[in-house]
Amino acid sequence: MNFKNWSGVAGTVLIVLIVFGSFVAGCREQEETKRETIELQTEQAKLDNELAKLENERTKLENKKVQLYMIREMNAHSEKMEKELK
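Cut-off values and rules
- Residues numbered from 1 in each chain as written.
- Predicted model: local features only at pLDDT ≥ 70, side-chain atom pairs only at ≥ 80, totals over all residues.
- Heavy atoms only, no water.
- Helix = DSSP H or I, 4+ residues; strand = E, 2+ residues; numbered from the N terminus.
- Buried < 20%, exposed > 50% of the residue type's maximum accessible area, 1.4 Å probe, protein only.
- Patch = residues over 30% accessible without salt bridge, like charges linked within 9 Å, V, L, I, M, F, W, Y side chains within 5 Å.
- Areas by Shrake-Rupley, 256 points an atom, 1.4 Å probe, with all protein chains shown as cover.
- Salt bridge = Lys/Arg side-chain N within 4 Å of Asp/Glu carboxyl O.

Asker: Kindly report on the environment of Asp48, identifying the contributing residues and their values.
Answerer: With respect to the element layout, Asp48 can be found in helix H1 (residues 3-85). Given the relative accessible area of 41%, Asp48 is considered partly exposed. When the C-alpha atoms of Asp48 and Val16 are compared, they prove to be 47 Å apart, with 32 residues separating the residues in sequence.

Next up, the structure:
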C-alpha cells in the first residue's frame, strides 16, 4: 500500500473514532440527564409529601379554630341564659 491509501484509511479511522466518541459522550450525557431527572422527581415527591403534611396540619388547626368558636358561642349562650334566670 502506498501513502495515499494509508492516509485515506487513517482519515476513515479518525472519522469513525470521532463518531464513536460522540456517541459515547451522548450516551453518558443521556445517563446523566436520566440520573438528574430521577433525583428531581425524588425531590419533588419529598416536597409533595411535605406539602400534604402541612395541608393536613392546616386542616387540623382550622378544625380546632371552629371548635373554639363553637365553645365560645356556647359559653356566651350559657352566660346569657344564666343572666336571664337571675
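Read on for the rest.
Asker: Please set out a nonpolar patch on the surface residue by residue, giving values where relevant.
Answerer: A contiguous nonpolar patch, built from Trp6, Val9, Val13 and Leu17 and spanning about 390 Å² of accessible area, is present on the exposed surface. Along the chain, the position of Trp6 falls in helix H1.

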